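Breakdown of the fold
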Amino acid sequence: MEINVMNRRSALARGFCSLVALVGMAGWAGGLEPAASAQPIKVGHFASMTGKEATFGQSTDNGIRLALKEINEAGGLNGRPIELITYDDKGESKEAGNAVTRLITSDKVVAVLGEVASSLSLAGGAVCEQNKVPMISPSSTNARVTAGKKYVFRVCFIDTFQAAAIATFTREHLGLTRAAILYDQTQAYSKGLRDDFTKSFKKLGGEIVADQAYNGGDTDFSAQLTTIRAANPEIIFVPGYYTEGGNIAIQARKLGITAPLIGGDGWDSSQLAAIGKDAIEGSYYSNHSSPDQPNMKDFVEKYQREYGATPDALGGLGYDAMMVLFDAMKRAKSLNGPDLAEAIAQTKDFKGVTGNITIDKNHNAQKGVVIVQIKNGQPVFVAEVDPSKSDKK
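As the structure is a computational prediction, the values presented were derived from the model and not from experiment. (Residues numbered from 1 in each chain as written. Predicted model: local features only at pLDDT ≥ 70, side-chain atom pairs only at ≥ 80, totals over all residues. Heavy atoms only, no water.)

**Some words on the side chain of Asn-364**
Structurally, the position occupied by Asn-364 is in the loop between strand E12 (355-357) and strand E13 (369-375). Looking at Asn-364, the relative accessible area reads 7%, which means it is buried. Apart from residues lying up to four places away in sequence, Asn-364 is in contact with Thr-146, Arg-154, Ile-158, Thr-358 and Ile-359. (Helix = DSSP H or I, 4+ residues; strand = E, 2+ residues; numbered from the N terminus. Buried < 20%, exposed > 50% of the residue type's maximum accessible area, 1.4 Å probe, protein only. Contact = heavy atoms within 4.5 Å.)

**Points about the packing of aromatic side chains**
When we look at a pair of aromatic rings, we describe it by the centre distance and by the angle of the planes. Throughout the structure, instances matching the rule amount to 12 aromatic pairs. Through successive ring pairs, a cluster of aromatic residues spans Phe-56, Tyr-189, Tyr-241 and Tyr-242. (Phe/Tyr/Trp six-rings, centres within 6.5 Å; stacked < 30°, edge-to-face > 60°.)

**Regarding the nonpolar core**
Grouped together as the largest cluster of nonpolar side chains are 117 residues, with contacts concentrated most on Phe-197, Met-322 and Leu-325. Residue contributions to this core peak at 11 residues, all from helix H11 (residues 313-331). (Core = buried A, V, L, I, M, F, W, Y, C linked by side-chain atoms within 4.5 Å.)

**Thoughts on the environment of Pro-40**
Residue placement: Pro-40 occurs in the loop between helix H1 (2-28) and strand E1 (41-47). Spatially, the C-alpha atoms of Pro-40 and Leu-84 are 9.5 Å apart, while their sequence positions differ by 44 residues. Among all residues touching Pro-40, those that are not within four sequence positions of it are Arg-80, Pro-81 and Glu-83.

**Topic: the sheet that holds E1**
Overall, parallel pairing links the 5 strands, which are arranged E2-E1-E3-E4-E5 in an open sheet. Edge positions in the sheet fall to strand E2 (82-88) and strand E5 (152-154), since each has one partner strand and no second. The average angle at which neighbouring strand axes cross in this sheet is 25°, direction not considered. Across the sheet, helix H2 (residues 54-73) touches E1, E2 and strand E3 (111-113), and the angle it forms with E2 is around 170°. (Pairing = 2+ DSSP bridges. Axes fitted to C-alpha atoms, helices over the stretch in contact; angles between N-to-C directions.)

**Overview of helix H7 (residues 222-231)**
Listed in full, the buried residues belonging to H7 are Gln-224, Leu-225, Ile-228 and Ala-231. Along H7, the residues classed as buried sweep out an arc of 110° about the axis, all on the same side. Every exposed residue of H7 that faces more than 90 degrees away from the buried side is listed here: Ala-223 and Ala-230. The elements touched by buried residues of H7 are strand E6 (178-184), strand E7 (207-214), strand E8 (235-237) and helix H8 (242-254). Phi for Asn-232, located one or two positions after H7, is positive at around 55°. (Arc of directions from axis to C-beta.)

By themselves these figures say nothing about function.
What follows is the structure, given as structure tokens:
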């Protein structure tokens, strides 16, 4: 009797082990880890949620969370929900590195999203590269962010193309030849755009009549603008962020400068017009998308229902970054860093809300540049610059 009971127990144990093995095998499908099929999959986001560029992080986080809501409502990844953990880096490089370290070592995220500012993506990307955890920047455009990296990607264009597009728009669309530059010498983003614009604009037959610098956080630009005024430019390129962009516009108008300003995608914020008011009217900036583009209609409506506001391009890029990551997670052999990075690198013609996204061999997205103009305090679509037509002369 005792022997029979033990035999039955052994049979039951063997059956249970077989069941566990089957469940474990099923758990591997789609990159799921065995014995963890019900646990959420953690994704990290580091962003400037506070500080002088807080709208960057807030808009991006909103876009990511809107994508996650749709993903989880549709069942997540094979029944596992995706959990987002966002840390505020306060717009500081040291905090960015600390935030990403915490996401990887303490929270055990499978991937990281962020940042908007290129200097902060460089800091966070170094940590991801060291730990072999994939990172997708929604909107950092400096070429150095992905250069030579195995685990760092982006879903936006890079500054070499953005600057060439701005130069092409200035010369060919506006027909202007004399440009001044006022840039932030402390930001990799601003310095890179300044350098690339100068090269492209001169190649197109333009002239840089003044080249002035400031430090991020400065509030008085009168000395630089006085020098620029004396050079009599037709347009002033200000490749900084919206906080300085708005203030520079105000001070330029007070000095009697009537030339339009043109900026890069760092101007993309509702606060640009709130700060610059009438002084920024008529100025231009390059961007990843415009809310009045037909292809943005569905996303804009979804975002407005969720947050009661019209999204800027950063909201769309945050949404696209999460959706590109999720698409890769579905295709990856596993959620281990190397496997997930390989799947991200294979992204081709992904239909994002900010345009179709193909990740090239340098981990950059191939996509066009939109130019908008501030009219009645709102960005209005003016032109889309075709990469194949930029910087040809």
